[in-house]
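# Residue-level structural notes
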Amino acid sequence: MWHFVKRAVSVFFPKYSGRADVQCGRCGDFLIMVVLHVLFEHAAGYALFAVKEVEEIGMLLPQVEESVLSLAKFNSMVSLAAFFPFKSAQAALENMNAIFAGVVHADLKLFLETNLPLSGKKKPSLGVSDAKIGAALQEEFNISIQTGGVVAEITRGVRLHFHSLVKGLTALAASKAQLGLGHSYSRAKVKFNVNRADNMIIQSIALLDQLDKDINTFSMRVRAKKVRSSSVDGSVTKPATCTPQQANVLTKSILNMLVTDMRPLSMVDDEGFKEMIKQFNPDYHDNYLPDRSHFTTLMETKYHATFEKVKETLRGINSFLTLTADVWTSHATEAYLEVSCHFLSEDWTMKTFNLSTMPLEEWHTGANIMTWMEEVLAKFDILPTKIKAVVHDSGSNMVAAMRLLEEKHGWASIGCAGHTLQLIVNTALKETTISRALGAARQLVEHFKRSELASTKLEMKREQMMVEQNALIQDVGTRWNSTFYMIERLLEQRWPLTATLLDPEVTPKGKHYFDLKPEQWELLEELKQGLAPFETATVYLSGQQYTTISGLPQVVKELTQAVHQSQFETSSGKSFISSAEKGLTERWGSICTISGDNESPVLLAAALDPRYRKLKFLTPEDGIRLQGSIEVLAVKEAKTTGTQDAKLQRANGSGRKSALETLLQSDTDSFSENEGGESEEDRKIQVVMNEVRLYFGEASLPEKEDPLRWWSENEERFPTLSKLAKSFLCIPATSTPSEQIFSAAGNICSQKRASLCPRHVEMLTFLAMNKSLMQFGII
């Protein structure tokens, strides 16, 4: 309609075609032929909005009134053209005073000169809410100014939806900025109002309050100083005596501190440590404090005692064990193989033991890794038949070792889900534009971490804009989720960062190298949205206090759906989604399908999780096949248990009949054993099959419920399936325990302790990782 009216005016009224407005001869309304801009003053800064598709004012006003309350409708009419954040609270107050006085402030003048199209042939039309400042702007720029009518309605809508129209500005931050500016403006009006007779009284009361606070603070400091001096004098003048029994307790406490906090054993020879012990107990320091060699002997003794306790505990575990394994290199370029075991205890609690941080002196080939893992099991008297699966990373040597172990012992090989997610996300982030944006983000974070001036100014801007005082995060290349956290924090701190970089003290004129471009900020917004599902999946699958392997198929399904449903506007964002979808398909596309005779332990664990027993992530045909596999495993488990019970009875001599009992056996007894040709074994098999059908026939457990607690409460109802569940649900989805042990070993093998022999590294790591378990009486 608008194009038809515009063309008709240019054809039938040529003299009006170049004008900015045309008056209707019938009703007197004007047709707006240019884009209307609306200026909005907020406590956070100035904003300039462009009104889209503006037609006749008399026709537009009802539409605006109806669309103000709906953000979607209002967005179709109004868009943010530019935003200028105030540099400080003082700048906001100065601009507010200037607007109230009807004066064009220098900040406002610069903002409009930069963002209004003043140099074109057609002068723009600017809408303002206050006629006083409007007159000043008209005089300053010689442009058309509109107030009231449609401008008032648009201003009302902007005020209502301002925090949604400006990216990075939350409703809470906008409200706090308004509240702070309101208080500052009120105080300024009271302070500079000469007509107020009680101005001196107000200032006197404020002075008295401040003096009262200062006196209270001073008195508390004096009191605290007296208490400290008296306690120190008492400890020095009255040295404590130490008996041999007390010295033994103190020595054990020091050893526990060194092991638990992963401190170097050489710490006991440091002057600062000795001085601290002397202040605590001079007699112990002078007569009993051992040297490093004695603490090394104590550590070795403690290691052997803990080793035997772990070995004894594992010997009493009746269910299968799962291993996690990985290879790591220390600061001293010495390689270590880390092996941990996982199992479910009698009360259905997840348990993890560190078995070994073995030093490696030969090539890390698949055959050597297989041999080393067998040596670890032999050291703890663990039979290879007791291992259900091994979780490992995707390194070629580790994959080769797991293939050999699977062929030799039948261990299931499970790739770490965390490493798989890392590979998928890293590949998706390699797109050129994304790499440049992330590089600029890293450079920005590094600038604020290195520059004390920029960091101090940023803290001030956060406080002025009432943004959380959260430190910027620098990402780590080996952990993609750290990139997500860096992006998330940058978007949270966007406006304080922008305001800080605009400060000439921080960034000289013409050297704005660190600030991100608008399109890069937009891309970071999309990356945050795209990476969020992957971060949620990583955190869930890395848990150690609950079963994770059973939830992997459902997580992959929901993650694929979330990525597929993402809709981004930038080409780089679309490229990220396309690459992520491709990675999920290539690496996990077959996780929810059954192929071959040996079902994946992941699917078997999911079937034994009461939350997913309906197997909705599988096709109906595959679901039936998986239930059949559970039946077969359950029957095998029942036969194995029956054979073991029979051997135990024969060993104890129970269940035997005498010759007289055999001769006098009644026909009824004989008939009961052979009635219908059904043996005792057949009846056991039927009982197990009924148990499996009953399990799959019940309703699924809600996803928020704990499946391990459910099994603990229903173990007696499903005696055979519960044994299978203990074997599969203990498998972790990631090798996070290995990563944590590497972190502990890294602390132990720090630069200061790089000279530690590999044997002591293994002992200290073993004690550090298993110490917490012993403290709570678990072993």
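Refer to the structure presented above.
Procedures and definitions
Residues numbered from 1 in each chain as written. Predicted model: local features only at pLDDT ≥ 70, side-chain atom pairs only at ≥ 80, totals over all residues. Heavy atoms only, no water. Patch = residues over 30% accessible without salt bridge, like charges linked within 9 Å, V, L, I, M, F, W, Y side chains within 5 Å. Areas by Shrake-Rupley, 256 points an atom, 1.4 Å probe, with all protein chains shown as cover. Salt bridge = Lys/Arg side-chain N within 4 Å of Asp/Glu carboxyl O. Helix = DSSP H or I, 4+ residues; strand = E, 2+ residues; numbered from the N terminus. Buried < 20%, exposed > 50% of the residue type's maximum accessible area, 1.4 Å probe, protein only. Phe/Tyr/Trp six-rings, centres within 6.5 Å; stacked < 30°, edge-to-face > 60°. Lys NZ or Arg CZ within 6 Å of the ring centre and 35° of its normal. Axes fitted to C-alpha atoms, helices over the stretch in contact; angles between N-to-C directions. Parallel < 35°, antiparallel > 145°, perpendicular 65-115°, else oblique. Contact = heavy atoms within 4.5 Å. Nonpolar A, V, L, I, M, F, W, Y, C, P; charged D, E, K, R; others polar. Lys, Arg positive; Asp, Glu negative; His and termini not counted. Core = buried A, V, L, I, M, F, W, Y, C linked by side-chain atoms within 4.5 Å. Left-handed = near helix turned anticlockwise from the far one by under 90°. Pairing = 2+ DSSP bridges.

## As for a nonpolar patch on the surface
A cluster of nonpolar side chains, L207, L208 and L211, forms an exposed patch at the surface whose accessible area comes to about 310 Å². Inspection of the secondary structure assignment puts L211 in helix α9 (residues 199-237). With a relative accessible area of 43%, L211 lands in the partly exposed category.

## Focus on unusual backbone geometry
Even without a glycine there, the phi angle at N142 is positive, about 60°. As for its position among the elements, N142 is in the loop between α6 (131-141) and β7 (144-146). With a phi close to 55°, D381 is a non-glycine residue in the positive phi region. By secondary structure assignment, the location of D381 is in the loop between α14 (366-379) and β11 (387-392).

## Points about the packing of aromatic side chains
Within this structure, the stated rule accounts for 23 aromatic pairs. Considering the side-chain rings of F83 and W495, the 5.1 Å spacing of their centres and the 75° angle between planes classify their relative orientation as edge-to-face. Of this pair, F83 sits in strand β5 (residues 78-85) while W495 sits in helix α20 (residues 494-502), placing them 412 residues apart in sequence. Exposure class is identical for F83 and W495. Each is buried. With a centroid separation of 5.9 Å and 25° between ring planes, the pair formed by W710 and F718 is classed as stacked. On the basis of relative accessible area, W710 is assigned to the buried category, the value being 10%. Following the ring pairs from residue to residue traces out a cluster consisting of W348, Y695, F696, W710, W711 and F718. One cation-aromatic arrangement involves R494 over W495; the distance from NZ or CZ to the ring centre is 4.7 Å. The ring of Y695 carries R613 above its face, with NZ or CZ at 4.8 Å from the centroid.

## Looking at the packing of helix α17 (residues 432-450) against helix α18 (residues 452-465)
Two elements in contact, α17 and α18, have axes whose closest approach is 5 Å; the angle formed by their N-to-C orientations is 95°. By the criterion of interaxial angle, the relationship of α17 to α18 is roughly perpendicular. For the pair α17 and α18, contact is made by H447, F448 and R450 and by E452, A454, S455 and L458, respectively. Taken together, the residues that form the contact of α17 with α18 break down as three nonpolar, two polar and two charged.

## Comments concerning the side chain of E691
Tracing the backbone shows E691 in helix α28 (residues 680-697). For E691, which is buried and forms no salt bridge, the nearest opposite charge comes from K723, at a distance of 9.2 Å. With residues up to four places along the chain from it excluded, the contact list for E691 reads R717, F718, P719, T720 and L721.

## Structural notes on the nonpolar core
In terms of nonpolar packing, the biggest core is built from 91 residues, with L490, L527, F534, L552, W588, W711 and L721 touching the most fellow members. If we ignore the near neighbours within four places in the chain, the residues touching W588 are A417, T420, L421, I424, L552, V556 and G583. Counting 50 residues, the second largest nonpolar core, distinct from the first, contains L337, L360, W372 and L405.

## Some thoughts on the packing of helix α22 (residues 552-565) against helix α23 (residues 571-588)
The N-to-C vectors of α22 and α23 enclose an angle of 155°; their axes lie 10 Å apart at closest approach. The pairing of α22 with α23 is recorded here as roughly antiparallel in orientation. α22 and α23 meet at a crossing whose hand is left-handed. Contacts from L552, V556, L559, T560, V563 and H564 of α22 reach α23 at I577, A580, E581, L584 and W588. Residues that form the contact of α22 with α23 fall into these classes: eight nonpolar, two polar and one charged.

## Thoughts on the sheet that holds strand β6 (residues 125-127)
The five strands are arranged β5-β4-β3-β6-β7 in an open sheet whose pairing can be described as mixed. For this open sheet the edge positions go to β5 and β7, each flanked by a neighbour on one side alone. Direction aside, neighbouring strands of the sheet carry axes that sit 25° apart on average. Note: β6 against β7, three bridges, orientation parallel. Its bridge partner lying in β7, G127 is registered against Q146. Running at roughly 30° to strand β4 (residues 45-51), helix α5 (residues 106-115) makes contact with β3 (36-42), β4, β5 and β6 of the sheet.

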